[in-house]
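Structural overview
Next come the chains, spelled out residue by residue.
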Amino acid sequence: MDKPINNAAWFLILPAFAIVLFNAVIPMMTVVNYSVQDSFGNNQFFWNGLGWFQELLDPSSELGGRFFASLGRSALFSAIVLAVQVPLGIAVALSMPRSGIALALCLVFIAMPLLIPWNVVGTMWQLYSRSDIGLLGWTVNAIGIPFNYTNSVLAAWTVLVLMDTWHWTGLIALLCYAGLKSIPDAYYQAARIDGASRWAVFTRIELPKLRSVLLIGVLLRFMDSFMIYTEPFVVTGGGPGSVTTFLSIDLVKIALGQFDLGKAGAMSIVYTLIILAVCWVFYTVMVTPENKGARE
Amino acid sequence: MSLHLERISLTVGGSHHIDDVSLTLERGTINVLLGPTLAGKTSLMRLMAGLDRPTSGRVLADGVDVTGCKVEARNVAMVYQQFINYPTLSVYENIASPLRVQRRPKDEIDRKVRAAAALLRLESHLDRTPLQLSGGQQQRCAIARAVAKEADLVLLDEPLANLDYKLREELREELPRIFAATGAIFVYATTEPTEALLLGGSTATLSEGRLVQFGPTAEVYHRPRSLRAAATFSDPPLNVATIEKRGEAIHLPDGTRAPSSGLLADLADGRYRIGVRAHDLLLARPNEGAIEIRGSVDVTEMTGSESFVHVHTGAHAGDLRWVALTPGVHEVVPGASIGIFVDPKRLFVFAEDGQLAAGPVDTGY
Amino acid sequence: MARIDLVDLAHAYRPNPTTDADYALRPMNTSWRQGGAYALLGPSGCGKTTLLNIISGLVVPSRGHVLFDGVDVTRLATEKRNIAQVFQFPVIYDTMTVRENLAFPLRNRGMPAAAVAARVGEIAELLDLNVDLDRRARALTPDAKQKISLGRGLVRSDVAAILFDEPLTVIDPALKWELRSKLKALHRALDLTMIYVTHDQTEALTFADTVVVMHDGAIVQMGRPNELFERPEHTFVGHFIGSPGMNVLPAKVEGRTADVGGVPIALGRSYSAIPPGRKIEIGIRPEYVRLSSGEGVPVRVERIDDLGRIRFAKVRLGDARLSVVAPPGVRLEDDRSRVSFDPAQIHVYADSRRIEGDA
């Protein structure tokens with residue numbers, strides 16, 4: 001009964017395959033290739049098997065210690081960024097005007113930082129936070145709080161978190177705003193009639209309806225912040241010391257600074273796998289409960 | 001064109017959306033798909049259009065297998081429950097859009113757009129945009145686009161569901177005329193039995209993904225072949241009761257006992273299910289042989305010209321609920337004791353497997 | 001429990017209304033008794049939803065007052081009015097179970113847990129929701145969800161009125177019957193004022209004991225279902241109620257005779273003093289016109305609609321088209337068709353308003 005599947009269709013996706021092959025698979029394979037070899041310069045490579053991976057995942061080794069330290073910093077940065085930006089983004093979305101010129105202006109202002117390139121944002125904040133000529137750094141120092149991100153751990157982290165928040169909270173706010181717009185008026189009216197408090201309206205109506213957009217927002221923000229490179233590189237260069245050396249910065253240091261391509265290759269692969277794993281978890285959470293009960 | 005569905009099934013994630021449906025639709029006919037929500041109406045339409053591919057079975061157009069054919073390759077038009085038009089284009093451009101895609105000559109497009117607009121009484125609105133129109137006009141615009149396309153197959157998925165009652169009445173009356181003028185196969189999905197009756201043509205009753213009965217609308221209504229067919233095609237819902245025939249008498253679970261006359265006379269002893277349409281349940285004895293069922297009134301609803309009397313009979317265990325529709329105003333006090341009557345020649349008798357065992361001979365259609 | 005009075009009420013969405021067309025709701029005075037079942041019936045844009053929102057407090061009228069039991073609530077917020085509302089699409093709290101949904105309004109008002117549980121049980125029983133109490137509300141069918149919406153209104157014992165905004169829109173026809181009679185039974189059991197907005201005449205007429213027909217922002221007639229059917233005060237009511245609606249034919253009326261395009265039709269009453277210059281029409285319901293091959297005025301039958309239990313024929317009388325009941329046996333081919341009118345059921349309208357004749 002079944003018709004044979006039309007095999008000609010496969011040819012149509014060949015170009016797509018070719019593109020994926022060239023810009024994803026082949027570079028990836030190069031990295032895999034490096035990760036199992038050791039190089040001593042002069043383009044001389046020696047087989048090292050899973051050696052780099054064993055060292056990398058062993059916290060007591062030098063490479064492993066360094067890896068877990070920068071992984072920890074990256075994870076902490078992502079955690080702080082999410083903890084600040086998600087509630088802030090929701091709050092901004094909730095307090096946005098509902099219509100008119102005020103709304104248009106608001107949307108423009110919120111979207112503006114999103115359009116600025118990473119390195120420009122980095123330069124802006126680097127200057128802005130400097131304790132000698134930066135408006136922010138100078139002001140904080142002027143009111144008596146010592147603030148110098150080139151030598152204070154707290155100051156360096158504060159600048160980076162502030163910068164990322166300034167840059168990206170708008171994304172969460174816009175996503176949430178779109179989500180809030182799609183809630184029918186009847187829900188708010190019903191809640192008023194039911195005597196629900198503002199808090200109950202938020203937790204019982206708005207938050208559940210925002211669930212899917214928030215998941216997307218959190219996922220995007222996680223990936224972005226976990227892979228952040230340009231901005232901290234411009235602002236702190238990973239310092240003071242290595243307190244803001246995130247995984248991506250460390251990776252570049254190893255690969256291009258020390259030219260340890262084997263170590264860097266192994267690190268890249270583990271890095272990628274971590275991000276893939278987190279994305280997969282998000283995807284599963286996002287998809288499953290939506291399907292449940294959809295067709296009953 | 002004739003469209004033939006050959007033992008079509010569609011299974012999605014283990015659940016049968018469409019279960020072994022065979023159906024032949026001829027050129028120039030109106031075909032109503034009637035059934036409740038999730039009966040498979042939309043799924044079946046999507047299969048006809050080629051938007052989905054059946055899990056098994058074949059779709060034949062004029063005898064040619066088009067099962068795997070994409071919707072773009074087939075000449076199909078669809079109208080949905082939501083009023084779907086291009087919001088920025090004028091009504092004229094909306095109607096012209098499928099013809100522009102086909103790169104027809106300008107004068108041909110103009111001719112066809114004006115003809116379709118005339119058919120749907122949109123001539124004076126051609127320069128407006130859809131959002132400047134009323135809901136009824138927006139849906140007319142969507143239908144006009146389907147008509148202008150001169151598709152072989154026009155699928156309408158509950159097109160009137162979002163319209164006001166009176167607008168619905170008006171368009172319902174016009175649709176058969178519009179359809180007749182084009183000669184395509186029209187397939188019209190609805191949940192409302194009255195709509196099917198007003199559209200005429202043929203009706204396929206659907207239930208849980210299965211085709212229950214297909215034939216000329218009046219025939220499907222007046223001569224259902226099974227309990228399911230009768231129940232799907234009844235508004236108000238069919239009154240159903242289990243009866244037991246023992247010799248010369250029938251017994252209802254509520255304790256009613258009546259001589260087995262009329263259609264019941266020739267049945268073998270055993271258990272049956274009877275179905276009585278609301279308008280065949282009478283408040284006054286129509287003739288000597290009528291079965292009388294005594295019960296008490298739950299609610300009466302009046303529409304001005306007619307009254308719906310909801311009655312329940314029996315104490316508790318064999319509790320039965322009935323709805324009688326009678327002309328005129330009958331305000332019966334809730335709780336009042338009342339006799340309702342069934343003419344034993346005007347009911348449907350179904351065997352225990354749900355198949356029709358006996359039905360009215362003279363149905364008056 | 002409340003009587004609702006609308007005093008000199010009007011509403012315009014734009015400031016400074018001048019003409020009738022500027023008003024979404026034209027000035028009106030009306031009073032609705034406690035415990036009544038009212039339906040606001042009219043086409044889209046007739047102002048029925050605006051009126052409902054004014055009663056529920058979601059819209060503050062630009063003019064006039066709303067009184068609940070004589071107390072002015074015009075500017076009182078929705079949550080302070082003790083009303084409940086069921087919307088077109090079921091509104092349920094997705095993350096809660098059915099039980100939590102029903103308990104929500106009570107908890108918000110700080111009712112003790114034991115009392116909440118008892119009351120929720122009671123209402124669930126009434127609505128046949130007890131088996132689903134611990135299920136997620138999201139997973140239920142539309143009709144069950146709509147029952148939950150209704151239940152959240154009913155649980156509150158202080159509710160003065162329940163407002164329904166086209167609540168059966170998303171419900172299948174067969175289930176509509178069930179929910180409708182459920183509503184009717186609840187109304188009887190609970191002695192609550194219920195106001196039901198719809199464009200569907202069947203829903204309005206079967207639900208309400210008083211139907212308020214609205215057209216262009218004004219109430220055109222308020223009455224019992226059979227009054228609206230038998231004595232429409234306005235041609236719009238005649239057209240809007242009944243399916244098919246009343247036949248309205250332009251006519252010249254003199255004494256006991258109406259002249260419709262040269263055909264004389266006998267009237268049940270005498271109309272002597274009709275002021276000149278007004279548009280005169282007669283109206284008669286299809287149900288009161290008999291189609292036969294025997295007596296009456298010759299007509300041409302254009303089509304016959306079989307509704308299963310009844311058949312309506314579309315006939316042409318001169319230039320006018322009429323809907324009439326086609327008795328069993330009448331066929332489209334009969335070209336000797338005639339119609340006869342029941343004189344007592346013919347109404348005369350001047351400028352669309354019914355005028356009373358003399359006996």
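Re the pattern of salt bridges
Pairing is possible between side chains of opposite charge, provided their charged atoms come close. According to the stated counting rule, one finds 54 salt bridges over all chains in the structure shown. Arg-46 of chain B is the salt-bridge partner of Asp-52 of chain B, the closest N and O atoms lying 2.8 Å from each other. Among the salt bridges present, the one from Glu-302 of chain C reaches Arg-300 of chain C, with a minimum N-O distance of 3.7 Å. Judged by its relative accessible area of 28%, Glu-302 of chain C falls in the partly exposed class. Overlapping salt bridges, with partners in common, bring together Arg-121, Arg-140, Glu-170, Glu-174 and Arg-177 of chain B in one network.

Topic: a nonpolar patch on the surface
Judged by side-chain polarity, Val-20, Leu-21, Phe-22, Val-25, Ile-26, Met-28, Met-29 and Val-32 of chain A come together as a nonpolar surface patch covering roughly 690 Å² of accessible area. Accessibility expressed as a relative area gives 42% for Val-20 of chain A, which makes it partly exposed.

Let's talk about the packing of aromatic side chains
Applying the stated criterion to the full structure yields 21 aromatic pairs over all chains. Ring geometry for Phe-77 of chain A and Phe-246 of chain A: centres 4.8 Å apart, planes at 35°, overall tilted. Here Phe-246 of chain A lies in the loop between α11 (230-235) and α12 (247-257) and Phe-77 of chain A lies in helix α4 (residues 62-94), a separation of 169 residues in the sequence. Across the pair, Phe-246 of chain A and Phe-77 of chain A agree in class, each one buried. Note on Phe-308 of chain B and Trp-177 of chain C: the rings are 4.6 Å apart at their centroids and 85° apart in plane angle, and the pair reads as edge-to-face. Highlighted residues: Phe-308 of chain B in strand β17 (residues 306-313) and Trp-177 of chain C in helix α5 (residues 173-190), drawn from two different chains. Residue Trp-177 of chain C is classed as buried on the basis of its relative accessible area of 7%. An aromatic cluster is defined as three or more aromatic residues linked by ring pairs; in this entry it consists of Phe-77, Trp-157 and Phe-246 of chain A.

Let's talk about the packing of helix α4 (residues 142-154) of chain C against α5 of chain C
All names here are of chain C. The N-to-C vectors of α4 and α5 enclose an angle of 15°; their axes lie 11 Å apart at closest approach. As the angle between them shows, α4 and α5 are arranged roughly parallel. Note on packing geometry: the crossing formed by α4 with α5 is right-handed. Across the interface between the two elements, Asp-143, Lys-147, Leu-150 and Leu-154 from α4 touch Leu-175, Leu-179, Leu-183, Leu-186 and Leu-190 from α5. Here the residues of the contact of α4 with α5 sort into 7 nonpolar, no polar and 2 charged.

Remarks on helix α8 (residues 153-181) of chain A
Residue and element names in this part refer to chain A. Between its terminal C-alpha atoms α8 stretches 41 Å, which fits the 42 Å expected from 29 residues at 1.5 Å a residue. Most pronounced at Trp-168, the bend in α8 amounts to some 40°. Where α8 begins, the side chain of Ser-152 points an oxygen toward the backbone nitrogen of Leu-154, at a separation of 3.4 Å.

Reading guide: rules and limits
Within any chain, residue numbers begin from 1 and follow the written order of that chain's sequence. Labels are handed out in written order, letters beginning with A for the chains and numbers beginning with 1 for the ligands. Per-residue local features of the predicted model are confined to residues with pLDDT of at least 70, and side-chain atom pairs are confined, for both listing and counting, to 80 or more; whole-chain, interface and lining totals are unaffected and use all residues. The basis for every side-chain value is the complete set of heavy atoms in the structure, and neither hydrogens nor water enter the calculation. The salt bridge definition used is simple: a Lys or Arg side-chain nitrogen within 4 Å of an Asp or Glu carboxyl oxygen. Burial classes: relative accessible area under 20% of the type maximum marks a residue as buried, over 50% as exposed, and values in between as partly exposed (1.4 Å probe, protein chains only). A patch consists of residues whose relative accessible area exceeds 30% and which take part in no salt bridge; residues with like charges are grouped when within 9 Å of each other, and nonpolar side chains (Val, Leu, Ile, Met, Phe, Trp, Tyr) when within 5 Å. In this description, accessible areas are obtained by the Shrake-Rupley approach with a 1.4 Å probe, and a residue is regarded as covered only by the protein chains that are shown. Stacked, edge-to-face and tilted labels apply to pairs of Phe, Tyr and Trp rings (six-membered ring for Trp) whose centres lie within 6.5 Å, assigned for plane angles under 30 degrees, over 60, and everything in between, in that order. Helix numbers and strand numbers start at the N terminus; a helix is a DSSP run of H or I with at least 4 residues, a strand a run of E with at least 2. In this description, a line fitted to the C-alpha atoms serves as the axis of each element, helices being fitted only across the stretch in contact, and the angle between N-to-C directions of two axes falls anywhere from 0 to 180 degrees. Working rule for angles: under 35 degrees goes down as roughly parallel, over 145 as roughly antiparallel, 65 to 115 as roughly perpendicular, anything else as oblique. Crossing handedness is read from the near helix: turned anticlockwise from the far helix by less than a right angle, it gives a left-handed crossing, and turned clockwise, a right-handed one. Residues count as neighbours in contact if any of their non-hydrogen atoms are within 4.5 Å of one another. Residue classes follow a fixed rule: Ala, Val, Leu, Ile, Met, Phe, Trp, Tyr, Cys and Pro count as nonpolar, while Asp, Glu, Lys and Arg count as charged, and any other residue, Gly among them, counts as polar. A helix's residues, less one, multiplied by 1.5 Å, set its expected span. Axes are fitted to the seven residues ending at a residue and to the seven starting at it; the angle between these axes is taken as the bend at that residue. What qualifies as a polar contact is a pair of N or O atoms within 3.5 Å, subject to a donor-acceptor requirement within protein and to the restriction that residues adjacent in sequence count only when both atoms come from side chains.

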